[in-house]
Amino acid sequence: MTLISFVVPAYRVQGYLRECLDSILDQPVADIEVIGVDDCSPDDSGDILAEYADRDRRMHAVRLTENVGLGPARNIGLDRATGEYVWFVDGDDWLVPDCLAEVVECLRASRPDVLLVDHVRTYWNNATSPSAMAEVFPEPPGEETFRLRDRPETLRLLHTAWNRLIRRQFLLEEGLRFAPGWYEDVSFSYPVLMAAERIAVLDRVCVNYRQRRTGAITRTRGDRHFEVFHQWHRVFRLMDTWGPAVDDLRPAVFERMIWHYLCVLGNGQRIAPGLRPAFFARITADHARWMPPGGYPAPAGAEGLKHRLVAAGRWRTFSALRTAYQARDAARRTARSTRRRVTPRVRRTARLTRDTLLREYYRAESRRPVDPTLAVYAAYWYRGYSDNPAAIFEAARRLAPEVHGVWIVRRDRVHTVPEGVAYVVAGTPAYYRALARARWLVNNVNFPDFVRKRPGTVHVQTHHGTPVKVMGLDQQRYPLGAVGMDFAGLLRRMDRWDYSVSANSFSSQMWERAYPARYTTLEVGYPRNDRLVTATAEEVLRLRAGLGIGLGEQVVLYAPTHREHLPGYRPPFDPQRLLDVLGPAGRLLIRSHYFHDRDRRTRSPGERDRVRDVSAHPRVEDLYLVADVLITDYSSAMFDYAVLDRPIVVYAPDWEAYRLARGVYFDVTAQPPGAVATSFADLLDLFHAGEVDAEAAREARQRFRARFCALDDGHAAERVVRRVFLGEQPDPGASGC
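Keep in mind that this is a model prediction, so the values were computed, not measured.

## Some points on the confidence of the model for the chain
Across the chain, the average pLDDT comes to 91, with 93% of residues at 70 or higher. With pLDDT under 50 throughout, residues 340-351 is counted as low confidence; its partners more than four residues away or in other chains account for one contact. A low-confidence stretch, residues 593-607 (pLDDT under 50), is modelled with 30 contacts involving residues beyond four sequence positions or located in other chains.

## Some thoughts on the nonpolar core
With 86 residues, the main nonpolar core has Tyr 377, Tyr 515, Val 724 and Phe 725 as its most contacted residues. Looking at this core, the element that brings in the most residues is helix α15 (residues 387-399), giving six residues. Apart from the residues within four sequence positions on either side, Val 724 is in contact with Trp 440, Val 458, Val 460, Tyr 499 and Leu 522. Among the nonpolar cores identified, the runner-up in size contains 65 residues, and Phe 170, Leu 193, Phe 226 and Phe 279 belong to it.

## Side note on helix α25 (residues 655-662)
Each turn of an α-helix holds 3.6 residues, which means side chains three or four residues apart point in the same direction. Those residues of α25 that sit buried are Trp 655, Tyr 658, Ala 661 and Arg 662. Projected down its long axis, α25 shows its buried positions confined to an angular sector of 150 degrees, all on one face. Across from the buried face of α25, at angles greater than 90 degrees, the exposed residues are Ala 657 and Leu 660. Directly beyond the C-terminal end of α25, a positive phi value near 85 degrees is found at Gly 663.

## Digging into the packing of helix α1 (residues 17-25) against helix α2 (residues 45-55)
Their axes nearest at 10 Å, the elements α1 and α2 cross at an angle of 25 degrees. Considering the angle they form, α1 stands roughly parallel to α2. Seen along the crossing, α1 lies across α2 with a hand that is right-handed. Where α1 abuts α2, its residues Leu 17, Arg 18, Leu 21, Asp 22 and Leu 25 lie against Ser 45, Ile 48, Leu 49, Glu 51 and Tyr 52. A class-by-class count of the residues in the contact of α1 with α2 yields six nonpolar, one polar and three charged.

## Structural notes on the pattern of salt bridges
Under the counting rule described, the total for this entry stands at 52 salt bridges. Salt-bridge contacts for Glu 51 lead to Arg 707; the nearest nitrogen and oxygen are separated by 3.8 Å. One end of the pair, Glu 51, is in helix α2; the other, Arg 707, is in helix α27 (residues 695-708), and 656 residues separate them in sequence. A salt bridge links Arg 151 to Glu 153; its shortest N-O distance comes to 2.6 Å. Each member of the salt-bridge network shares a partner with another, and the members are Glu 19, Arg 210, Asp 474, Arg 477 and Arg 513.

## Re the side chain of Asp 93
Summarising the element assignment, Asp 93 is placed in the loop between β4 (85-88) and β5 (94-95). No salt bridge forms around the buried Asp 93; measuring N to O, its nearest opposite-charge neighbour Arg 210 is 5.4 Å away. In terms of polar contacts, Asp 93 uses its side chain to reach the backbone amide nitrogen of Arg 210, at 2.9 Å.

## Some words on the pairing of strand β6 (residues 114-123)
Counting buried positions along β6 gives eight out of 10 residues, so the element sits mostly inside the fold. When β6 meets strand β8 (residues 164-167), the two strands line up antiparallel, connected through three bridges. In the strand pairing of β8, Val 114 is matched with Ile 166. The pairing of β6 with strand β9 (residues 199-211) spans 10 bridges and is classified as parallel. Across the sheet, the residue bridging to Leu 115 is Ala 200, located in β9. With three bridges joining them, β6 and strand β7 (residues 128-130) adopt antiparallel strand pairing. Across the sheet, the residue bridging to Val 120 is Pro 130, located in β7.

## Structural notes on the pairing of strand β3 (residues 59-63)
As defined by bridge partners, strand β2 (residues 32-38) adjoins β3 across five bridges and the pair is classed as parallel. Paired with Val 37 across the two strands is Val 62, which belongs to β3. Between β2 and its parallel partner β3, the chain crosses via α2, and the hand of that crossover is right-handed.

## Here's the deal with the packing of aromatic side chains
For the structure on display, the rule yields 46 aromatic pairs. Taking the centre distance of 6.1 Å and the plane angle of 25 degrees together, the rings of Trp 315 and Phe 318 count as stacked. Of this pair, Trp 315 and Phe 318 both sit in helix α12 (residues 315-340), three residues apart, which is roughly one turn of that helix. Taking the relative accessible area as the measure of exposure, Phe 318 reaches 6% and is therefore buried. With a centroid separation of 5.5 Å and 75 degrees between ring planes, the pair formed by Phe 573 and Phe 680 is classed as edge-to-face. Here the residue Phe 573 occupies a position in the loop between β17 (554-558) and α21 (575-582), and Phe 680 occupies one in helix α26 (residues 680-688), the gap between them amounting to 107 residues. Classification of Phe 573 as buried rests on a relative accessible area of 11%. An aromatic cluster of at least three residues, connected via ring pairs, comprises Tyr 362, Tyr 382, Tyr 431, Tyr 432 and Phe 450.

About the cut-offs
- Residues numbered from 1 in each chain as written.
- Predicted model: local features only at pLDDT ≥ 70, side-chain atom pairs only at ≥ 80, totals over all residues.
- Heavy atoms only, no water.
- pLDDT = per-residue confidence, 0-100.
- Contact = heavy atoms within 4.5 Å.
- Core = buried A, V, L, I, M, F, W, Y, C linked by side-chain atoms within 4.5 Å.
- Buried < 20%, exposed > 50% of the residue type's maximum accessible area, 1.4 Å probe, protein only.
- Helix = DSSP H or I, 4+ residues; strand = E, 2+ residues; numbered from the N terminus.
- Arc of directions from axis to C-beta.
- Axes fitted to C-alpha atoms, helices over the stretch in contact; angles between N-to-C directions.
- Parallel < 35°, antiparallel > 145°, perpendicular 65-115°, else oblique.
- Left-handed = near helix turned anticlockwise from the far one by under 90°.
- Nonpolar A, V, L, I, M, F, W, Y, C, P; charged D, E, K, R; others polar.
- Salt bridge = Lys/Arg side-chain N within 4 Å of Asp/Glu carboxyl O.
- Lys, Arg positive; Asp, Glu negative; His and termini not counted.
- Polar contact = N/O pair within 3.5 Å; in protein donor to acceptor, adjacent residues only side chain to side chain.
- Pairing = 2+ DSSP bridges.
- Right-handed = clockwise from strand over helix to strand, strands pointing away.
- Phe/Tyr/Trp six-rings, centres within 6.5 Å; stacked < 30°, edge-to-face > 60°.

Shown next as structure tokens:
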């Protein structure tokens, strides 16, 4: 018999769902099942559940045809569960590695109706805060089970479904299920504790409770927060049906109800100012309606004062008190900030630099009207005309000629700008003026921090590759690869984005997690890959001729990524040994800054001709088009090159070290775009044996292309232009909901 059935409802959690599922399925426990319930999610959550179900027999995917809400979705999963215990885990949270072994040990030792486990709140800035477990149980209860009336302080633990495992037969016998609506945990978790005969506590952090920056109902204002009253009413009506058996628990449950109401009211991200008087009035009404005859243990101090004001219905006094507390807290924060300032006054009165004067010029230009026809483009920190922004620029010139496009480039890269393309040099007055006045700002990285989002302007983040390695805020968990990163600044920069261009569903999921902000995702394919689809055979021949490549020569492009955590690292790679295997018709192109200084002195002129460093070539798409085979490791090059449906070899000699130190989103050795080598000897053997394009490699490439390249049809840039510059809306299609 399955011991634990995990029920994972999924709605708009595509950026987090993989981490949740991996955290469960990778636990060192076999007798589990996972029931993923797609609550008719408008994103790719349902497809992710189906993908995991296809490759793991312990995973079962349920796809609903209409959105029913979190509570009913959990009930549907419960109805399909077969385990002795059920654990409801939300799709945006994740388990702590290896915690399940201790959970199983505790379940088998005590056989409780309910097992409570500890958790931490994990924030988008990688900060964590502990739960109340240590406060509620200063001395851990140990292996002994208890009833709620024996330890009523248990009610002070967070009333969620995901911090407890519940015996499934117990739920069926008691008829306990989730109600529809928001705050559905309330009317489930408290009755579960009251009805349980055997409660156990595991003093072990098992759940990371994700505190999302956007998208969570706890950070969403609206009148649906009034549904908390209905959930608490269900608790007390159920207690009425149970009668005297639970009368001794009423005071403690009542105290939790008032505490919870005040938490919701006090959260400015939930109840808008205009709704607070009405919400307070509802609290007062419930205080009078459900007050136990013998009273309840009201808290002391300021919290107790709040309870008394609620009982008296004194909203104005309550509101004034809240304002006073907020002013006091603000004053304390200001005082702490002032004490931290240690910069001498003389530094604050230093002479204005040229940059400071230009920033003032930028601010002055920002007070002038936005130019309704100006679009500013940039790529790779102003290194030239390239990548997705270049493809969008070219499509906009064709489809929206009324838009005047201007590029930003560094002074030393001006020579790379094609003839006829307008540009400004970074750091000049024209640069600051363009940034201040442009209606559209398009970049594959971020514009500088001084750039402000003006009303009426549109910022487009195109990114520059489907991610293998972790990006954005996810890098906080891998500090070796995030040295010098300003995550607070990153949050401010991503808040300027209006659109995020995504090459595929996988990228959309990862960007949502790595860059949590209120932009609109344009999942349209990568504009830079349009050229790979539309290039003609004649164009490819011209490109090969320009690089001195003959008709019968086999071109291998080696394009490894860099290692931020190992700046001096050189992958073990011997160009000559590879050429020996390729034979006299082999040519090797190397695109990587690691080889800029490689020693050529021992090579003959013929060998130099057959190995060429193309790191400085302005457009990588040219190199993809001329190459017959790509060798790469963890670079996004594999996703772009796969559009061409040509052989790809993943050469990953440091995969385990890279994965642990830098962090990755998926295993390129397990789900590769072709053949895989983990040593240079293996790489040579692949070419020598002809396995680079053998049947197994082709099948892997087709699976990879179906997953990552389906949208690259040659029209991605056009789709971006039509949406961003022309305001055309996509066809919504049939959602099934």
